[in-house]
Amino acid sequence: MTQMSQTFRAASIAFAILLVSSAAWGQKSRPAGQPLPSGPADVENRVDSLLRLMTIEEKLGQLNQLSSVWDTVLHRSNASASGMQMLREGRVGSFLNIVGSEATASLQRIAVNETRLKIPLLFGLDVIHGYRTIYPIPLGEAASWDPELAEETARMAAGEAAAAGIHWTFAPMVDIARDPRWGRIAEGSGEDPFLGSAFAAARVRGFQGHLLDSKSLLLATAKHFAAYGGPEGGRDYNTVDMSERTLREMYLPPYRAAVRAGVGTLMSSFNEIGGVPSSASRHLLTDILRKEWQFDGFVVSDWNSVGEVETHGIASDRTSAGILGLTAGVDMDMMSLIYVDELRSALKDGRLKMAVVDEAVRRVLRIKFRMGLFEDPFRGASTVRERAVMMTQEHRALARRAASESFVLLKNENGVLPLTESTRSILVVGPLAESKDDPLGTWSARGEAADVVSIIEGLRRGAPSKTKVTYVRGCGVDDTVRSGIAEAARVAAAADVVIAVLGEARSMSGEAASRSEIGLPGVQEELLRALVATGKKTVVLLMNGRPLVIPWTAEHASAILELWHPGVEAGHAAADVVFGRINPSGKLPATFPRSVGQVPLYYNHKISGRPASEANSFTSKYLDVAWTPQFPFGFGLSYTSFAYSELTLSATVMRWSDSLVVGVKVRNTGKRRGEEVVQLYVRDHVGSVTRPVRELKGFRKIALDPGESKRVTFNIGRDDLAFWNGLMEHTAEPGQFSVYVGTNSHAELSAEFQLEE
Ligand code: NOJ
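Residues numbered from 1 in each chain as written. Predicted model: local features only at pLDDT ≥ 70, side-chain atom pairs only at ≥ 80, totals over all residues. Heavy atoms only, no water.

Engineer: Even after reading the chapter, I still don't get the layout of surface pockets, so can you show me in this structure?
Structural biologist: Any empty space left between atoms is shown by rolling a water-sized probe over those atoms. Here the largest pocket defines a volume of roughly 1,100 Å³. Lining the largest pocket are 42 residues, and of these S197, P253, R260, D719 and H730 lie nearest its centre. If you tally residues by element for the lining of the largest pocket, the top one is helix α10 (residues 193-208), at seven residues. Classifying every residue of the lining of the largest pocket gives 21 nonpolar, four polar and 17 charged. (1 Å grid on protein atoms, 1.4 Å probe; cavity = no way out; pocket = protein on both sides within 12 Å on 5 of 7 lines; lining within 4 Å. Points joined across faces, edges and corners; volume = space filled by probe spheres on them. Helix = DSSP H or I, 4+ residues; strand = E, 2+ residues; numbered from the N terminus. Nonpolar A, V, L, I, M, F, W, Y, C, P; charged D, E, K, R; others polar.)

Engineer: Would you explain the environment of P377 in this entry?
Structural biologist: Structurally, the position occupied by P377 is in the loop between α17 (354-370) and α18 (383-389). Taking relative accessible area as the criterion, P377 reaches 14% and is therefore assigned buried. P377 sits 255 residues away from L122 along the chain, and the two C-alpha atoms are 8.8 Å apart. Setting aside anything within four residues of it in sequence, one finds P377 in contact with Q108, V112, P120 and H167. (Buried < 20%, exposed > 50% of the residue type's maximum accessible area, 1.4 Å probe, protein only. Contact = heavy atoms within 4.5 Å.)

Engineer: I'm lost on the sheet that holds strand β26 (residues 749-756) in this one. Help?
Structural biologist: Sheet strands pair by backbone hydrogen bonding; their relative direction is either parallel or antiparallel. In space, the five strands of this open sheet follow the order β18-β26-β25-β20-β21, with mixed pairing throughout. Each edge of the sheet is formed by a strand with only one pairing partner; in this case those strands are β18 (653-655) and β21 (695-704). In this sheet, neighbouring strand axes are inclined to one another by 25 degrees on average, regardless of whether the strands run parallel or antiparallel. In terms of strand pairing, strand β25 (residues 735-742) meets β26 through seven bridges, oriented antiparallel. Residue pairing across strands places G735 opposite L755, the latter belonging to β26. (Pairing = 2+ DSSP bridges. Axes fitted to C-alpha atoms, helices over the stretch in contact; angles between N-to-C directions.)

Engineer: I tried to follow the pairing of strand β15 (residues 537-543) on my own but got confused; where do I start?
Structural biologist: On a regular strand, one side chain projects to one face of the sheet and the next to the other, so that they alternate. In terms of burial, β15 is largely enclosed, as six of its seven residues are buried. Sheet analysis places strand β14 (residues 497-503) next to β15, joined by seven bridges and oriented parallel. If you follow V497 over to β15, its bridge partner there is K537. The parallel pair β14 and β15 is bridged by helix α22 (residues 524-533), and the resulting crossover is right-handed. Examined bridge by bridge, β15 and strand β16 (residues 559-562) share four bridges and lie parallel to one another. Each residue of the ladder has a partner; that of V540, found in β16, is I560. (Right-handed = clockwise from strand over helix to strand, strands pointing away.)

Engineer: Even after reading the chapter, I still don't get the environment of T652, so can you show me in this structure?
Structural biologist: Here T652 is to be found in the loop between β17 (642-649) and β18. Linking T652 and Q393, residues 259 residues apart in sequence, is a C-alpha distance of 52 Å.

Engineer: Explain empty space enclosed by the protein here, please?
Structural biologist: One pass over the full model with this rule turns up five cavities of 30 Å³ or more. In this structure, the largest cavity encloses a volume near 80 Å³. Lining of the largest cavity is provided by M54, E58, Q62, L87, G90, V92, A111, T115, L117, K118, I119 and L121. Across the lining of the largest cavity, the residue classes break down as seven nonpolar, three polar and two charged.

Engineer: Please clarify how helix α24 (residues 570-578) should be interpreted in this entry.
Structural biologist: Since the α-helix packs 3.6 residues into each turn, any two residues three or four apart lie on the same face. Counting buried positions over the nine residues of α24 gives nine, a clear majority of the element. For α24, every residue scored as buried is listed here: A570, G571, H572, A573, A574, A575, D576, V577 and V578. Close packing links the buried residues of α24 with α19 (393-406), α20 (455-462), β14, β15 and β16. Backbone geometry just downstream of α24 places G580 in the positive-phi region, at approximately 80 degrees.

Engineer: Explanation requested: the domain arrangement of the protein chain in the structure shown.
Structural biologist: Put simply, an interface is often sized by how much accessible area is lost when its parts join up. Each assigned domain of the protein chain is listed with its residue range as follows: domain 1 (49-125), domain 2 (406-578) and domain 3 (642-756). Inter-centroid distance (C-alpha atoms) of domain 1 to domain 2 is 46 Å. (Domains from an automatic or database assignment.)

Engineer: Mind showing me how you'd approach the nonpolar core here?
Structural biologist: Side chains that are nonpolar tend, in soluble globular proteins, to be buried together. The biggest cluster of nonpolar side chains holds 117 residues, and the ones touching the most others in it are L50, F95, Y131, F225, V263, L266 and L365. No fewer than three residues from each of domain 1 (49-125) and domain 2 (406-578) sit in this core. For V263, the contacting residues outside a window of four places in its chain are V204, Q208, A220, T221, A222, A258 and F295. (Core = buried A, V, L, I, M, F, W, Y, C linked by side-chain atoms within 4.5 Å.)

Engineer: For this particular structure, what's the right way to read the site of the ligand?
Structural biologist: Surveying the vicinity of the ligand reveals the residues L96, D126, F170, R184, K223, H224, M267, F270, D302, M334, W443 and E511. Separating an oxygen atom of the ligand from a side-chain N or O atom of D126 is a distance of 2.5 Å. Note that an oxygen atom of the ligand is positioned 2.6 Å from one of the side-chain N or O atoms of H224. Protein burial of the ligand: of its 300 Å² of free accessible surface, 95% is covered by the chains. Split into classes, the residues belonging to the shell around the ligand amount to six nonpolar, one polar and five charged. (Near = heavy atom within 4 Å. Polar contact = N/O pair within 3.5 Å; in protein donor to acceptor, adjacent residues only side chain to side chain. Areas by Shrake-Rupley, 256 points an atom, 1.4 Å probe, with all protein chains shown as cover.)

Listed below in C-alpha cells is the structure:
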C-alpha cells in the first residue's frame, strides 16, 4: 500500500468510526426511562457499517471471551502478556471474571482507546443470587413462590454489579431439575416448568429490564440451553437423553419464557441431548431458538463447551469443533479460544463461510449497541458509585425478607414453633449454626463471610430477652468424628428446647457438586438421634442446596424448617421465623424423596399402565419403600391453618375459544395472620399421547387474617391446556379435564370440565 492510500484508508476508518459512534447519532444524553432514540433499524445500520470495517481477526475477536484466569486454565506461556496483546489487537470481545470498576475500566480504556476500531468490551460475571449482598440461593427464592421478590433481588444485585463495572450476568439459570443428586438444582427454580417459567421471566425483568440500556442493570443470560438439568444419574456434565416431547414440555418452557421476557443472551450447555452436544446443536440453537422463538440476541458457550464438542466425540479436532459450534449458533466462545485461534484457517479453506461469522458478529455488536456501550463504555461505574450502592441497608432488608419468605416449614408437631417467651433456655447445636460462610451458598460473587449473620448470632439477637441461648457444635458438617455428640446430648438435657442446625456445606451443591447420597452428611444424623433421645423438643433447621432424603428426621424431629442457603441475613431471618415475628409461607419447588432410590421423583409424572396401588402388587412401586414422596412439590406449612372450599367453575363445558374461571374460597382457620400459596393443577384425562397426572397451571400468594376468607380466581384458556400432541403440534385436544386446587400438589378439591372444539 502506498503512503497515500494508507493515509486515505486510516482517514476513512476514522470517519466511519465517527459515524457508528454516538456523536454522529446525536445520542449523547437523554432523560432516564426514555426509549433509545435509535430504533432497531438504526442499530442495524450501525452494526452493518462497523462490520464492513472489520478484518477477519477483529470479527473473530468479537466472538472471543477471555477470563481473568484464562492463562492458568490453558497453560499458555506468557499468557497474560499475550492476553493484553490480543486485547490491543482487537481479538477480545468480552471478558469474564474481571471485577471492580477500576479493573474493568482499565481494560475498557485499552479497548476504546488503543484498538483500531475502538469497539467496547462486555464484562460478564456469574451474579447469580447477589453481588456483594447475597440473597437466598435461587432454589430457595423459588420456594417463596413469589416471582416479584426474585425480580427485586435480581434488580438489586444488578445495581451493585453494574456499579462495579459488570455489564452482563450469566443468570438466570432456568434449568428444570428433577434429580436432586444434581448439585446445580440449587441454582434454578426446581422441577416444574410453570413455576420455573414465572421465575425465569421475573429474573430477566429484574436483572435486565425491558431495554438493555440501563446503567444500573445488567444484560441477562438464560442458561444452560438446553436441558442441562436432566443429566443421567444426576451427575454434573453428564449425558441427557430424552424425547423431543419431554424436552419441549418440561425443559424448554423456562428458556422460552426468558426469551419472551426479552433476555439478551443465552448460554449453550455442556451436555449432549440424544447424541448432539448442545454447543453444536443446530436444532436447538438455530431451529428452535432463532427460527421458532425469534430470538435476536446472541448465544455464548459455556466454559470451553465448544472445545468439549471434540471431547464428546463428534469432532476430530479443535477447528472442526469450532466450525460445528459456530454454524450451529454459538456466537461467542467462552474460553476455548477456538474461534479466535482456529477459525481463520477454516475460512481460508472454505470449511466455514464468512456469512456465518458475520451473522454471529452482528448479533454480538447488536447487543453492544443496544446497551449503549458505544456511547458510554464505562456505564458510569466508579469506586464512588460502588461504595454508594454496595450492601446498603435497603439491600440487607431485602435479603432478610427474601430469606424468610424462602423458608419452608416442613413439620411442626403440636405447634412447637414459633418459640415463645415461655422457652427459657435454648440449646443450639450443629456445625452450620456458627458458619458464616455456608449461608452464602453456591456462587457468591463478591459475597463475604464477614457480612453474614450466622444462625447462632441471629438466634441470640432475636430471642426473647429472658431466654438463654447456648451453643455447642456437636460435630462437623462432613466429618466422622463423633466425640462431640455425647457432650451435646448432655447439655441438651438441661435445655427447654433444642435447635439443631444441620445440612450441607455450601460446597456440596452447585457446579461439580453432585452427590449420590443426599441425606445429612457425615455424622449429623447420629447427632440428631442423640439429641432426640434426650426427650427434649428438637427443632431442626435445615440448611442445604437441594431436596434432602431425611426420613428419620421427618419422623422424629419435633419441627423442621427448611432454610436452604439463605444468604447474608441468614441468622436474622431464621430468628424472625423461629420466634414468630414472621409466619413461614414457603412451598417446596422440588419434591423431597423418601429414599435416593426413588429418584427421579416428581409430581407431574405420567400415570403408566399400572398406576401404583396398595391393593395390587403388580403395579408401579417398590418393595422396600413407598412410591410417594416424603414431602410433595408445593408443600409447606404455616403457623396458622387454611381451609379450602367452594370450588367453582364458570362452566362445565369450555368452548374452543373460551376461557374458564376457576374460583375457590380460602379461609384462615387458625389464630395468626398468614400467607398461603393457592395452587391450581390441571389434568387432561385422554390425549393422543399420554399426559401427566397433573400439572401446575396457576398459583397465587394471598395474606389472610385469622378468620378471614378470600375468593381466589384463576383463568384457564386453551393455551394452558396445550401440549405437544401425537404429531408434535402444540395444541389442546378436546375432552375431559380435571382441575385441582389446594395447598400443595396433592390438592384434593377438584372439579371437571369438557373442552369442546
Ligand atoms: C461454567 C458454568 O456452567 C456456568 O454456569 C458459568 O456461567 C460459567 N462457568 C462461567 O463462570
